[in-house]
Amino acid sequence: MSSLKEFLEKCNSLGTLRLIVTSSAAVLEVRGKIEKLFYAELPKGKYANMHEEVFEFHLNMDRITQVKFETGASKRGNFTTYAIRFLDEGEPALSAFLQWGKPGEYEPGQVEAWQELREQYGEVWEPAPLEE
């Protein structure tokens, strides 16, 4: 069984993503790639971290109990969306949508990389506990 850390490392193959975090009062969306991750263990849990020029990313891996692959119809335009949801107690803590260029345009090989991960992990996947 794979860990979330291993899965996040494989997400680099997805290319440019729209990373979305939603709270009860706000939504934050940034475009970037999941790359150059580094890890830290804090009192609140084990974190995957990433520092980019315009954003920083910190994900408490201990809180993610499921990873879910979803396709959908775009809200604007006529194309398929591809998302990975990182769930904390059944609710999305982080959503990662394939994103590049204009809506509905994807980088070469991006959809195939998403499909390969879904085939490897299944539509809903529960990560193995992180090693101490």
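Residues numbered from 1 in each chain as written. Predicted model: local features only at pLDDT ≥ 70, side-chain atom pairs only at ≥ 80, totals over all residues. Heavy atoms only, no water.

K.L.:
Explain the pairing of strand 8 (residues 91-98) to me, using residue names and the numbers behind them.
P.N.:
Pairing of strand 1 (residues 17-22) with strand 8 involves four bridges; the strand directions are antiparallel. Looking across to strand 8, one finds that L17 is bridged to L98. From the end of strand 7 (residues 80-88) to the start of strand 8, which pair antiparallel, there are two residues, and E89 there has a positive phi angle of about 55°. (Pairing = 2+ DSSP bridges. Helix = DSSP H or I, 4+ residues; strand = E, 2+ residues; numbered from the N terminus.)

K.L.:
Talk me through the packing of aromatic side chains; I want residue IDs and the actual numbers.
P.N.:
By convention here, two paired aromatic rings are described through the distance between centres and the angle between planes. Scanning all chains against the criterion turns up eight aromatic pairs. With a centroid separation of 6.0 Å and 65° between ring planes, the pair formed by F7 and F86 is classed as edge-to-face. Of this pair, F7 sits in helix 1 (residues 4-10) while F86 sits in strand 7, placing them 79 residues apart in sequence. By relative accessible area, which is 1% here, F86 ends up buried. An angle of 70° between the planes, with centres 5.1 Å apart, marks the rings of Y82 and W114 as edge-to-face. (Phe/Tyr/Trp six-rings, centres within 6.5 Å; stacked < 30°, edge-to-face > 60°. Buried < 20%, exposed > 50% of the residue type's maximum accessible area, 1.4 Å probe, protein only.)

K.L.:
Before we move on, could you go through the side chain of D88 and cite the residues and values that matter?
P.N.:
Looking at the element boundaries, D88 is found in strand 7. Setting aside residues no more than four positions away along its own chain, D88 makes contact with R63 and A93. (Contact = heavy atoms within 4.5 Å.)

K.L.:
Tell me what's going on with the sheet that holds strand 4 (residues 45-51), and back it up with residues and numbers.
P.N.:
Across the sheet, which stays open at both edges, the three strands sit in the order 3-4-5 with antiparallel pairing between neighbours. Here the strands that pair on one side only, and so sit at the sheet edges, are strand 3 (38-42) and strand 5 (56-60). Here the average twist between neighbouring strands, direction ignored, is 25°. (Axes fitted to C-alpha atoms, helices over the stretch in contact; angles between N-to-C directions.)

K.L.:
Tell me about the sheet that holds strand 7, and please be specific about residues and values.
P.N.:
Taking strand neighbours across the sheet as the criterion, the six strands line up as 2-1-8-7-6-9 in an open arrangement whose pairing is antiparallel. For this open sheet the edge positions go to strand 2 (27-32) and strand 9 (124-125), each flanked by a neighbour on one side alone. One ladder, built from six bridges, connects strand 1 with strand 2; its direction is antiparallel. Paired with V21 across the bridge in strand 2 is L28.

K.L.:
Residue-level account of the pairing of strand 4, with values.
P.N.:
Counting buried positions along strand 4 gives six out of seven residues, so the element sits mostly inside the fold. In the sheet, strand 3 pairs with strand 4 via five bridges, with the strands oriented antiparallel. When the bridges of strand 4 are listed, A40 appears paired with Y47. Counting the residues in the hairpin turn of strand 3 and strand 4 gives two residues. In this sheet, strand 5 lies alongside strand 4 in antiparallel orientation, the contact comprising five bridges. Counted as the bridge partner of H51 is E56 from strand 5. In this structure, the hairpin formed by strand 4 and strand 5 is closed by a connection of four residues.

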